[in-house]
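Topology and contacts: notes
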Amino acid sequence: MGKVPPIYNIAAPPDGYEAPGLFATTLDKVIGLARKNSIWPLPFATSCCGIEFMATMGAHYDLGRFGSERLSFSPRQADLLMVMGTIAKKMAPVVQQVYEQMAEPRWVLAVGACASSGGIFDTYSVLQGIDRIVPVDVYVPGCPPRPEQIIDGFMKIQAQVGKETLRRRYSQEYRDLLTKYGILK
Amino acid sequence: MDNTLIIGKLYQQFSNDILNVDVSSDMLSVTIAHPVIHEVIRFLKENPELDFGFLTTLCGIHYPDRGLPLGVVYHLHNLRENVRVRIKTFVPLTDPSLPTITDLFSAANWMERETYDFYGIIFQGHPDLTRILNVEYLDFFPLRKEYPLEDPTREDKDDRYFGR
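Cut-offs applied
- Residues numbered from 1 in each chain as written.
- Chains lettered and ligands numbered in written order.
- Predicted model: local features only at pLDDT ≥ 70, side-chain atom pairs only at ≥ 80, totals over all residues.
- Axes fitted to C-alpha atoms, helices over the stretch in contact; angles between N-to-C directions.
- Helix = DSSP H or I, 4+ residues; strand = E, 2+ residues; numbered from the N terminus.
- Parallel < 35°, antiparallel > 145°, perpendicular 65-115°, else oblique.
- Contact = placed C-beta atoms within 7 Å.
- Nonpolar A, V, L, I, M, F, W, Y, C, P; charged D, E, K, R; others polar.
- Buried ≥ 20, exposed ≤ 12 C-beta atoms within 10 Å, placed from the backbone.
- Pairing = 2+ DSSP bridges.
- Core = buried A, V, L, I, M, F, W, Y, C linked by C-beta atoms within 7 Å.
- Left-handed = near helix turned anticlockwise from the far one by under 90°.

The next subject is the packing of helix 2 (residues 48–57) of chain A against helix 5 (residues 147–163) of chain A. All names here are of chain A. With their axes 9 Å apart at the nearest point, helix 2 and helix 5 run at an angle of 75° to one another. For the element pair helix 2 / helix 5, the angle class is roughly perpendicular. For the pair formed by helix 2 and helix 5, the contact residues are E52, F53, A55 and T56 on the first element and P147, I150 and I151 on the second. When the residues that make up the contact of helix 2 with helix 5 are grouped by side-chain class, the tally is five nonpolar, one polar and one charged.

Residue and element names in this part refer to chain B. Of all seven residues making up strand 1 (residues 18–24), only zero are buried, and the element is barely covered by its neighbours. For strand 1 and strand 2 (residues 27–33), the ladder comprises six bridges, and the chain directions are antiparallel. Across the sheet, residue V21 finds its bridge partner in strand 2, namely V30. Joining the antiparallel neighbours strand 1 and strand 2 is a turn of two residues, in which S25 adopts a positive phi near 50°.

Opposite the ten residues of chain B that make contact, chain A presents ten residues. Split by residue class, the side of chain B that touches chain A holds three nonpolar, two polar and five charged.

The next thing to look at is the nonpolar core. L80, L81, M82, V83, L109, V111 and I130 of chain A are the most contacted members of the largest nonpolar core, which has 35 residues in total. Counting residues per element, the ones that place at least two in this core are strand 3 (41–45), helix 2, strand 4 (80–84), helix 3 (92–101), strand 5 (107–111), helix 4 (112–117), strand 6 (138–140) and helix 5 of chain A. If near-sequence neighbours (up to four positions away) are discounted, L109 of chain A is found in contact with L80, M82, D137, V138, V140, G153, F154 and I157 of chain A. Ranked by size, the runner-up nonpolar core spans 28 residues in total, among them F52, V91, M111 and Y116 of chain B.

All names here are of chain B. Judged by pairing direction, the sheet is mixed, and its five strands sit side by side in the order 1-2-5-4-3 without closing on themselves. The two strands at the open ends of the sheet, each matched to only one other strand, are strand 1 and strand 3 (54–62). Strand-to-strand twist of the sheet, defined as the mean angle between neighbouring strand axes without regard to direction, takes the value 20°. Sheet topology note: the strand 3/strand 4 (residues 70–78) ladder contains eight bridges and is antiparallel.

Moving on, we come to the packing of helix 1 (residues 27–36) of chain A against helix 5 of chain A. All names here are of chain A. Viewed as axis vectors pointing N to C, helix 1 and helix 5 meet at an angle of 155°, and their least axial separation amounts to 7 Å. Between helix 1 and helix 5, the interaxial angle falls into the category roughly antiparallel. As helix 1 packs across helix 5, the resulting crossing turns out to be right-handed. Only Q158, V161, G162 and K163 of helix 5 make contact with helix 1, whose side of the interface consists of G32, L33, R35 and K36. Of the residues in the contact of helix 1 with helix 5, the class split is two nonpolar, three polar and three charged.

Next up, the structure:
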């Protein structure tokens, strides 16, 4: 009986010092490695980009390969807010409230032209990009973007998550950022 | 029932208040002076021969160049004989108020709120005349022609990049 290849992926270890029975690295890197490979996304899908996201989650593109098969439909347990679609001004406080309900650390991915900049809906009733109400980490262009683009954006989020220091969320810069959006009073 | 019967019945009752009659898109259009709009719609609904018992739709309209710029268009339908009629009425910008027809058609409730929301037409006697589709804090009536449709706060849309 031949050897069966493993059906799971093992994440590469971070940089560190290796010796027999010993591996030393920084806590930041270990936690970053764990976080980036188990991001729980909260899909906030309002239009066609949401349909592309469904394909991204499906078996063909399989976001589960990146450790994100577990969608969190409660913001309390989510790590990543994925806003996909046109956000009307009437919807803006809802998006902001969902963001406020997420626990730190939290990231935001704006998927598609509408979430990033309002897109073709340059009109009085549509929010001209969600970065007017919540801080955004990665923007995915496209109208709508293909699943490959969403995965690319997601991998950029993963890269950020892996590199983030544990001090960042306590820094004055981060507090100032949230204060600017009115999220931190 | 043909158009001449409808017009004849209306002229019998409201001869002085009918401002215009025409047929467009195979549908009779009658423009009525705004003070009697409620009576005209009540008459069209309650007259046993006309029997326009169904309000298809109601919407606002804005012609900025006209003497009476703001209007409301009512579409009524006689479901027994499958006849439709379009009733228009216009009000001045300084006093854009009309009587509500929610007492005749309950369906007018949300339609009148929408018309108020987008055109600022005040329907006197409406049970809850508040914005229905737009955000509550909006301080203008967006479908009036004096307001731009584009979002004024957008910064990335430089005309130079769009060849305008």
